[in-house]
Amino acid sequence: EPVAAVYHYTSGTEFIDKNILVADLGGGTFDVAVVHITKKEITELVIGGCRNLGGIDWNQALYDYVKQKHLHGKKMEPDDEQDFLMNIEMAKKMLSERSETRIVARTEEGREMIRITRDEFEACSASLLMKVKEILQNVQREMNAKNVGKIDKIFLVGGATRMPQIEALLKQDAMFPGVEMIGQDQDEAVARGAAVYGQIFAENRKGFRPKSLKRISSCSYGLRALVD
């Protein structure tokens, strides 16, 4: 998926001899890839991530916080609970653009209008941001071990990268200060990149030579012998 996003971001633009870090924080997973782009190929240099970390976890953190701090165990009907979950996700998105927002919750005791600030949201999800930081630190250590060199650009992929806390983390002095971050169609970057690549093949453009791809296995492989 990060490589597909690279095709999207570099479509129609020349990125030659550049090291790109792709930070892909989607709904349920976090993928990181450092790739080197030349005129003829894309080479994966370092990869990392977590299969169980994504925007849904930020939803859950905000849900738990609001339930505990504001609703104090008040019960909801199933339909009201579902609406509340949708309002939580909407509030998360709104807090990427505003410093505060309101969440509506319908309980058995009546309708609640709850004010939530971005600071509260970032505080209740701080442990999740720390997981992101640890993954990026692991990537940095591997980059240093492989003498990868500096990162030239950061591509932001996945809707959850719109949260200001993600960009602020990447800009920290211990992370990637001063590196340009590019966010463009984050929700659709992977699909668009795959579509660009497929369309070029479908049109059979004369003289088209796709960049070859050198990939790293994300898993360890081995053999196990069973003796009868």
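Residues numbered from 1 in each chain as written. Predicted model: local features only at pLDDT ≥ 70, side-chain atom pairs only at ≥ 80, totals over all residues. Heavy atoms only, no water.

## Some details on the overall build of the chain
Of the regular secondary structure elements, the chain holds seven helices and eight strands. Projecting the C-alpha coordinates of the chain onto the three principal axes gives extents of approximately 65 × 55 × 40 Å. Burial analysis of the chain (228 residues in total) assigns 40% to the buried set. Across the chain, every contact between residues at least 6 apart in sequence was considered, and the portion connecting residues at least 24 apart equals 66%. Each charge sign in the chain was given a centre, from 32 positive and 34 negative side chains, and these centres are 6 Å apart. (Helix = DSSP H or I, 4+ residues; strand = E, 2+ residues; numbered from the N terminus. Buried < 20%, exposed > 50% of the residue type's maximum accessible area, 1.4 Å probe, protein only. Contact = heavy atoms within 4.5 Å. Lys, Arg positive; Asp, Glu negative; His and termini not counted. Charge placed at Lys NZ, Arg CZ, Asp CG, Glu CD.)

## Thoughts on the pairing of strand 1 (residues 18-25)
In summary, the side chains of a regular strand alternate between the two faces of the sheet. The buried fraction of strand 1 is high, at seven of eight residues. Here strand 1 pairs with strand 2 (residues 30-37) via eight bridges, running antiparallel. Within the sheet, the bridge partner assigned to Ile20 lies in strand 2 and is Val35. Between the antiparallel neighbours strand 1 and strand 2 lie four residues. (Pairing = 2+ DSSP bridges.)

## Topic: helix 1 (residues 2-10)
Summarising burial for helix 1: nine of the nine residues are buried, a large majority. Buried within helix 1 are the following residues: Pro2, Val3, Ala4, Ala5, Val6, Tyr7, His8, Tyr9 and Thr10.

## What to know about the environment of Trp58
Relative to the assigned elements, Trp58 resides in helix 2 (residues 55-71). Measuring from C-alpha to C-alpha, the distance between Trp58 and Leu129 comes to 9.3 Å, with 71 residues separating the pair along the chain.

## Remarks on the pattern of salt bridges
This structure, assessed with the given rule, holds 13 salt bridges. In this structure, Glu142 engages Lys146 in a salt bridge whose closest nitrogen and oxygen atoms are separated by 3.1 Å. The network of salt bridges with shared partners includes Asp80, Asp83 and Arg106. (Salt bridge = Lys/Arg side-chain N within 4 Å of Asp/Glu carboxyl O.)

## Examining the packing of helix 5 (residues 126-145) against helix 6 (residues 164-171)
Relative orientation of the contacting elements helix 5 and helix 6 amounts to 35°, with a least axis distance of 11 Å. Taken as a pair, helix 5 and helix 6 cross one another with a handedness that is right-handed. Contact residues: helix 5 offers Leu129, Val132, Lys133 and Leu136, while helix 6 offers Gln165, Ile166, Leu169 and Leu170. Residues that form the contact of helix 5 with helix 6 fall into these classes: six nonpolar, one polar and one charged. (Axes fitted to C-alpha atoms, helices over the stretch in contact; angles between N-to-C directions. Left-handed = near helix turned anticlockwise from the far one by under 90°. Nonpolar A, V, L, I, M, F, W, Y, C, P; charged D, E, K, R; others polar.)

## Focus: helix 3 (residues 78-94)
Each α-helix turn comprises 3.6 residues. Residues three or four places apart therefore point the same way. An ideal rise of 1.5 Å per residue puts 24 Å on 17 residues; helix 3 measures up with 24 Å between its terminal C-alpha atoms. Packing partners of the buried residues in helix 3 comprise helix 2, strand 4 (100-107) and helix 4 (118-124). (Expected span 1.5 Å × (residues − 1).)

## Quick look at the packing of aromatic side chains
On inspection of all chains with the given rule, the structure shows two aromatic pairs. For the pair Tyr63 and Phe84, a centre-to-centre distance of 5.6 Å together with 50° between the ring planes defines the contact as tilted. Separated by 21 residues along the polypeptide, Tyr63 in helix 2 and Phe84 in helix 3 bring together distant segments of the chain. (Phe/Tyr/Trp six-rings, centres within 6.5 Å; stacked < 30°, edge-to-face > 60°.)

## Here's the deal with the pairing of strand 2
Taken across its eight residues, strand 2 has six buried, putting it largely inside the fold. One ladder, built from eight bridges, connects strand 2 with strand 3 (residues 41-50); its direction is antiparallel. From the neighbouring strand, Val32 faces strand 3, where its bridge partner is Gly48.

## Description of the confidence of the model for the chain
Across the chain, the average pLDDT comes to 89, with 91% of residues at or above 70. When the elements of the chain are averaged for pLDDT, strand 8 (residues 212-214) gives the smallest value, 71, and helix 4 the largest, 98. (pLDDT = per-residue confidence, 0-100.)

## Thoughts on the environment of Arg106
You can see Arg106 is positioned in strand 4. In the structure, Arg106 is positioned 26 residues away from Asp80 in sequence and 5.9 Å away in space, judged by C-alpha atoms. In contact with Arg106, not counting residues within four places along its chain, are Met76, Asp80, Asp83 and Arg111. At a separation of 3.1 Å, a polar atom in the side chain of Arg106 contacts the side chain of Asp80. Within polar-contact distance, the side chain of Arg106 engages the side chain of Asp83 at 2.5 Å. (Polar contact = N/O pair within 3.5 Å; in protein donor to acceptor, adjacent residues only side chain to side chain.)

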